[in-house]
Amino acid sequence: MLGFHAEDYIQFLSLLGRQTDEEKLEEESEQYGLTYDCPINRHVYTYAALTSGASLRAAECLMEGRSQVAVNWCGGWHHAKRDMASGFCYINDIVLAILKLREKYDRVLYVDLDVHHGDGVEEAFCASTRVMTISVHKYSPGFFPGSGGLDSIGVGKGRGYTVNIPLLEGARDEEFVPLVCRVLHKAREVFSPQALVCQCGADGLSGDPMDSFSLTPTAYSRCLQFMLQWRLPTLVLGGGGYNSPNTARCWTRLTAILCGHKLSSEVPDHKFFMSYGPDFELNISPGNRKNMNSKEALRRIHNTIIENLDKLK
Ligand SMILES: CN(c1ccc(C(=O)NO)cc1)S(=O)(=O)c1ccc(-c2ccccn2)s1
Ligand SMILES: [Zn+2]
């Protein structure tokens, strides 16, 4: 964890279980972002260490050639900063995994499909020409974390290696998939990644409490399948997803794709079967929320990103 995070932050997290002076605890917690959406309890450190360790181990499996794809659905904590928790994220397992992959691969592509901007990962690599980050997310006044605009393209020598695809609420599969895949195609052309990390936060699904996009698991499946055809060492991670049955539907579908397994459209009987009512179907309908993304806006976003990426040639 010290490969990315500040020692004092990790030290504080590790002492949480043993700290008894509530007053002191309260005060210090604030400076480390350990309030509101990142509450503290004595289990946080172990939880964060285990989930990050799993993402690191998955990266090592790829580097050892044990598999072409490795998955950690408990990972994907893209908001955590070097010395601060943020957005339910305590340790940035994604940054740790990318730094590990960089020990073997010269260029790593990071793709963030979560409905929230992958700010913690972008910030960590915004000055790098060896890690390209691409985040597609809802970008709207007051929506967390508030960063990830079209003009956020990296800094210094890393300028152009940060890509943001900012969308408005109501985004649907039929425009999400072609836009993301066209950007991915261009990114691969100009960056030639040797390894891939994909955060598959499912809070963009229709029916998620984040109430933002109208995606179905098909959007995530098509984007992941597009990347899988590159046959790069690929790390697949989880992230947000607050409608648990729908998130399970989505990640089960992605797992089946990764395993080359065909799924029935019916949810099979199991311990949590009743949570999948009333239709007990694997698929999710997109719903009918108003789509605020106009064709002109989507075209402008696409053209701007393609122009920016072409400058890297
Ligand atoms: C802290 N926030 C985050 C941060 C990160 C995420 C996330 O999933 N990031 O990927 C989600 C919410 S937040 O302020 O937007 C919210 C906290 C609680 C929220 C909520 C709770 C219930 C229903 C709808 N929204 S949104
Ligand atoms: Zn999210």
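Just so it is clear, the model here is predicted, and its values are computed rather than measured.

1. Considering the site of ligand 1
- The full set close to ligand 1 counts 13 residues, and H78, H79, D114, D203 and Y242 are the nearest of them.
- Side-chain polar atom of H78 to an oxygen atom of ligand 1: 2.6 Å apart, as the coordinates give it.
- Interatomic distance of 2.4 Å between a side-chain N/O atom of Y242 and an oxygen atom of ligand 1.
- Expressed as a share of its isolated accessible area of 560 Å², the protein-covered part of ligand 1 is 63%.
- Across the shell around ligand 1, the residue classes break down as five nonpolar, five polar and three charged.

2. Overview of the pairing of strand β5 (residues 195-199)
- The element β5 is largely enclosed, with a buried count of five among its five residues.
- Residues A195, V197 and Q199 of β5 are buried on one face, and the alternating residues L196 and C198, pointing to the opposite face, are buried as well.
- Across five bridges, strand β2 (residues 108-112) lies against β5 in parallel orientation. By the bridge assignment, V111 is partnered in β5 with C198.
- Pairing of β5 with strand β6 (residues 234-237), which is carried by four bridges, proceeds in the parallel orientation.

3. Some words on helix α6 (residues 173-191)
- The end-to-end C-alpha separation of α6 is 26 Å, in line with the 27 Å expected for 19 residues at 1.5 Å each.
- Of the residues trailing α6, S192 is marked for its positive phi of about 45°.

4. With respect to the coordination of the zinc ion (ligand 2)
- Around the zinc ion (ligand 2), the protein contributes the donor atoms D114 (OD), H116 (ND1) and D203 (OD), at 1.9 to 2.2 Å from the metal centre.
- Taken in sequence order, the residues that donate to the zinc ion (ligand 2) follow the motif D-x1-H-x86-D. On the criterion of sequence distance, the pair formed by H116 in the loop between β2 and α5 (119-125) and D203 in the loop between β5 and α7 (217-228) is long-range, its members being 87 residues apart. One exposure class covers both H116 and D203, and it is buried.

5. Observations concerning the packing of α6 against helix α9 (residues 295-310)
- The contact between α6 and α9 brings their axes to 9 Å, and the two run at 10°. When the axes of α6 and α9 are compared, the pair comes out roughly parallel. For the pair formed by α6 and α9, the contact residues are E175, L179, R182, V183, K186, A187 and V190 on the first element and L298, H302, I305, I306, L309 and D310 on the second.
- Residues that form the contact of α6 with α9 fall into these classes: eight nonpolar, one polar and four charged.

6. Concerning the environment of V236
- Within the secondary structure layout, V236 lies in strand β6.
- Note on V236: relative accessible area 0%, which makes it buried.
- A C-alpha to C-alpha distance of 7.3 Å links V236 and V69, two positions 167 residues apart in sequence.
- Contact partners of V236, with chain neighbours within four places excluded, come to V69, A70, V71, N72, W73, C198, C200, L224 and L258.

What counts as what
Residues numbered from 1 in each chain as written. Chains lettered and ligands numbered in written order. Predicted model: local features only at pLDDT ≥ 70, side-chain atom pairs only at ≥ 80, totals over all residues. Heavy atoms only, no water. Near = heavy atom within 4 Å. Polar contact = N/O pair within 3.5 Å; in protein donor to acceptor, adjacent residues only side chain to side chain. Areas by Shrake-Rupley, 256 points an atom, 1.4 Å probe, with all protein chains shown as cover. Nonpolar A, V, L, I, M, F, W, Y, C, P; charged D, E, K, R; others polar. Buried < 20%, exposed > 50% of the residue type's maximum accessible area, 1.4 Å probe, protein only. Helix = DSSP H or I, 4+ residues; strand = E, 2+ residues; numbered from the N terminus. Pairing = 2+ DSSP bridges. Expected span 1.5 Å × (residues − 1). Donors = N, O, S within 2.8 Å, 3.2 Å for Na, K, Ca; no water. Axes fitted to C-alpha atoms, helices over the stretch in contact; angles between N-to-C directions. Parallel < 35°, antiparallel > 145°, perpendicular 65-115°, else oblique. Contact = heavy atoms within 4.5 Å.

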